[in-house]
Amino acid sequence: MGFSEKLVARAIDEAGDDNNEAMLETLLTYAALEGSTEQELDIARCRQIDEDAELAKEFDAEVHNKIVADCDQKIDADSDFWSSDYEENGAYDFSDSDSDEKEYTSVSLSEKQKTSFLTDMGYPADEASLAIERCGPNSSLEELANFLCAAQMARAEDPYYVDPPAVKKHKYLFNEMGKHKRRRISANGFGDSEEHIRLPNPMVGFGVPTDPCPITHRKLPEAALGPPYFYYENVALTPKGVWDTISRFLYDVEPEFVDSKFFCAANRKRGYIHNLPIKNRFPLLPLAPRTIHDALPLTKRWWPSWDTRTKLNCLQTVTGSSRNTERIRKILEDWSRGSQGTDPPPHVQKFILDECRKWNFVWVGRNKVAPLEPDEVEILLGFPRNHTRGGGISRTDRYKSLGNSFQVDTVAYHLSVLKDKFPYGIKMLSLFSGIGGAEVALHRLGIPLKVVVSVEKSEGNRNVVRGWWEQTNQKGTLIDIEDVQQLTGDKLEQLISAFGGFDLVIGGSPCNNLAGSNRVSRDGLEGKESSLFYDYFRILDLVRCIMGKK
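Reading the values: rules and limits
Here the residue numbers are simple positions, counted from 1 along each chain's written sequence. pLDDT decides what is reported in this predicted model: residues at 70 or higher carry local features, side-chain atom pairs at 80 or more are listed and counted, and totals for whole chains, interfaces and linings draw on all residues regardless. Processing note: side-chain calculations cover all non-hydrogen atoms of the structure and skip hydrogens and water entirely. What is meant by a nonpolar core is a set of buried Ala, Val, Leu, Ile, Met, Phe, Trp, Tyr and Cys residues, joined one to another through side-chain atoms within 4.5 Å. The buried label goes to any residue with under 20% of its type's maximum accessible area, the exposed label to any with over 50%, and the partly exposed label to all in between, with areas taken from a 1.4 Å probe on protein chains only. In what follows, a contact means two residues having at least one pair of non-hydrogen atoms within 4.5 Å. Under the pairing criterion, centres of Phe, Tyr and Trp rings, with the six-membered ring standing for Trp, must be within 6.5 Å; the plane angle then separates stacked pairs below 30 degrees from edge-to-face pairs above 60, leaving the rest tilted. Runs of H or I in DSSP of at least four residues are treated as helices and runs of E of at least two as strands, each being numbered from the N terminus. Either the NZ atom of lysine or the CZ atom of arginine qualifies as a charge over a ring when it sits within 6 Å of the ring centre and within 35 degrees of the ring normal. How far a helix is expected to stretch is found by multiplying one less than its residue total by 1.5 Å.

1. Brief notes about the nonpolar core
If you look at the biggest cluster of nonpolar residues, it comprises 66 residues, and the most contacted ones within it are Leu415, Leu418 and Leu504. Apart from residues no more than four positions distant in its own chain, Leu418 is found in contact with Tyr229, Leu276, Ile426, Ile447 and Leu504. Membership of the second largest hydrophobic core comes to 40 residues, among which are Ala224, Phe249, Leu525 and Val543.

2. Things to note about the packing of aromatic side chains
Aromatic ring pairs are described here by two measures, namely the spacing of the ring centres and the angle between the planes. Across all of its chains, the model carries 14 aromatic pairs by this definition. An angle of 65° between the planes, with centres 6.4 Å apart, marks the rings of Tyr232 and Trp243 as edge-to-face. Taken together, the residues span a long stretch of sequence, with Tyr232 in strand S3 (residues 229-235) and Trp243 in helix H7 (residues 242-249) at a distance of 11 residues. According to the relative accessible area criterion, Trp243 is buried, its value standing at 4%. Residue Tyr232 is classed as buried on the basis of its relative accessible area, which comes to 0%. Among the aromatic residues, those joined into a ring-pair cluster are Phe230, Tyr232, Trp243, Phe249, Tyr251, Phe257, Phe533, Tyr534, Tyr536 and Phe537. Above the plane of the ring of Tyr251 lies Arg544, whose end atom (NZ or CZ) is 4.3 Å from the centre.

3. Re helix H10 (residues 346-359)
Taking 1.5 Å per residue, 14 residues should reach 20 Å; H10 reaches 20 Å between its end C-alpha atoms and fits that length. Within the span of H10, buried status applies to Val348, Gln349, Ile352, Leu353, Glu355, Cys356, Lys358 and Trp359. Where H10 is buried, its residues contact helix H9 (322-339), strand S6 (362-365) and strand S7 (368-370). Immediately beyond the C-terminal end of H10, within one or two residues, lies Asn360, with a positive phi of roughly 55°.

Take a look at the structure:
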């Protein structure tokens, strides 16, 4: 439904251009008087409302499709078990209506003018832009207003709708040394390129210890060459385009995707972007156990033959409950009483195996499964036993900190090339340090830690790193900083002047809004937590800029 240019001009003259409600009312009145009977007008309006209601449902889904989710059991945002390729919404096709109502000639306005007009009417600019996209560039102001009004009514009638949180947009970055860094990215951090980085299969990166022919040479972009070396990690299975964006910001370096199942007894799919050499890598010795039974030998006695798992799934920040394990025990005991020792039927086996894979349950007795203990998770991730125990950190926080950490053997394999380069010690800036996976990896490689500036928000994690530092009798300097926001240009200049620069900038920003298990706020790099990647880039770029001037 549209209005002639003459009619719009007449309405503006009578109602004024500063009273939008009066103007719309005037337009509707004159439209009725121009030949439509009241009955015809009602029919046309009903048809338009029905069409707008259908469009509004799809529009409203765009606004809050990740707000309402089944949260009966919250699974770790770092899980690879639930991860899958991000499915982008398909394009909507709004074909011509079958309505017989008369179409009026629309006033010719640009999209910018339409957006400005709608925002003046009180509609948010992003909703106005989306309405224009959905209704088409030739849609009239009345059609757009009806569409937006219908969307707001749909939201008002939905008892489960809540307004999404405001998201900080990172479209332009300026570092504090005055150098302009501009990167074009979309609202989800996906970028403009239609070609996305694809994950390899198998996920072995440039090579793993068991690979007889690893890749030993690559050409880095000139902008990526050190000093300092840098190393960035995050989950591999992200919304499409996220790794393209990360790569563009980190000097167009090609990501290296590795599954830690080639280094330990658990799957852990991760992407790494770094400017390290890749020749003459070597693994930590002794090699970590590669199967569940080797890593947890006491489970072998109770392990049923029909549970064919040899690797655990990604180690999460939460564990299965006693309700899950008790249900499995009752099912198996009920079956055992009447089965005379035979294996449970396939459908029972499938249910139990699904639960075991989902929660990484292991067998600890006859018909008994249990979640991994924190010290078992420490072993699987390559940390020393009791690394996270004590120091005021709770059992729940131990699981959370371990689930968010590096897999030490994997990271150490990549960092092993630094041993010959820094025989007298390395100076490291560790961002989002967690429980010190990078520090433990370098220590196990035999690389002295001359200076470590550790940036970590969690006080419990900082206590873990400090305790490990003291227990391993480190001779270097450890500096704790609570928040990456405290690392301003002035602060970095002070640190670089005091220590003569950094040899390595390492870190992995939070993956909360990237991982496939997050069904509520998988917002890519624009998510509240995962947008901290831009702080990693900001700090790295500042360090390179300051060191380049020395």
